[in-house]
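Architecture and fold: a report
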Amino acid sequence: QVQLVESGGGLVQAGGSLRLSCAASGRTFSNYYMGWFRQAPGEAREFVARISRRGGSTDYADSVKGRFTISRDNAKSTVALQMNSLKPEDTAVYYCAATDEFSAVSVQQYTYWGQGTQVTVSS
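Below is a short write-up of the structure.

Calculation notes
Residue indices follow the written sequence of each chain, beginning from 1 at its first position. In view of the model being predicted, local features appear only for residues whose pLDDT reaches at least 70, and side-chain atom pairs are presented and counted only at 80 or more, with totals across whole chains, interfaces and linings using the full set of residues. Heavy atoms throughout the structure, all of them, feed into the side-chain values; hydrogens and water do not. Any Lys or Arg side-chain nitrogen found within 4 Å of a carboxyl oxygen on Asp or Glu counts as a salt bridge. For the purposes of this entry, the term helix denotes a DSSP run of H or I that reaches at least four residues, the term strand denotes a run of E that reaches at least two, and both are numbered from the N terminus. The buried label goes to any residue with under 20% of its type's maximum accessible area, the exposed label to any with over 50%, and the partly exposed label to all in between, with areas taken from a 1.4 Å probe on protein chains only. Each Phe, Tyr or Trp ring, with Trp reduced to its six-membered ring, pairs with another whose centre is within 6.5 Å; inter-plane angles below 30 degrees give stacked pairs, above 60 give edge-to-face pairs, and intermediate values give tilted ones. For the purpose of counting charges, residues Lys and Arg are taken to be positive, whereas Asp and Glu are taken to be negative. His and the chain ends are not included. Any pair of N or O atoms that falls within 3.5 Å is considered a polar contact. Within protein, one atom must be able to donate a hydrogen and the other to accept it, and sequence-neighbouring residues count only if both atoms are side-chain atoms.

**Notes on the pattern of salt bridges**
All chains considered together, the criterion is met by four salt bridges. Between D90 and R38 there is a salt bridge, and its shortest N-O distance comes to 2.9 Å. A residue pair is termed long-range when its members are at least 10 positions apart, and D90 in the loop between β8 (78-83) and β9 (92-99) and R38 in strand β4 (residues 33-39) qualify at 52 residues. The class for D90 is buried, based on a relative accessible area of 1%.

**Describing the packing of aromatic side chains**
Applying the stated criterion across every chain yields a total of seven aromatic pairs. Here F37 and F47 contribute two aromatic rings whose centre-to-centre distance is 5.8 Å and whose plane-to-plane angle is 75°, an arrangement assigned as edge-to-face. Of the two residues, F37 is situated in strand β4 and F47 in strand β5 (residues 46-51); the sequence distance between them amounts to ten residues. Each member of the pair, F37 as well as F47, carries the same accessibility label: buried. Both rings, one in F37 and one in Y110, keep their centres 5.0 Å apart while their planes meet at 75°; by these two values the pair is edge-to-face.

**A word on the side chain of R72**
By the element assignment, R72 lies in strand β7 (residues 68-73). Of the side chains bearing the opposite charge, D73 lies closest to the buried R72, which forms no salt bridge; the N-O distance is 8.2 Å. At 2.9 Å, the side chain of R72 forms a polar contact with the backbone oxygen of Y32. Within the structure, the side chain of R72 is placed 3.3 Å from the backbone oxygen of R53, a separation counted as a polar contact.

So this is what it looks like as structure tokens:
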């Protein structure tokens, strides 16, 4: 089992920045590919970003490319999502997730999930 706990969400004005963090415990963190997803009210959960086990490979949804950056610290068992130039449409609950599948970008491919952290961007 892998336990994931997100933090860092909040309310921010459009154009602002937030940094989300996800702390992992349980099995060896570096064995897992990590991802961030988000879910807006009434919408399906969607992929935001993913990072490989050693951090050398990342991938982003087109909607966040150039604004968001995913990173990880295997020594601290954490994964972060730096969000810049935030827009009202980025408002959602953000989830971190873990998988042992390479290049996973769908909800179904991830096994372990955090409880989520709310991000609200005001216009």
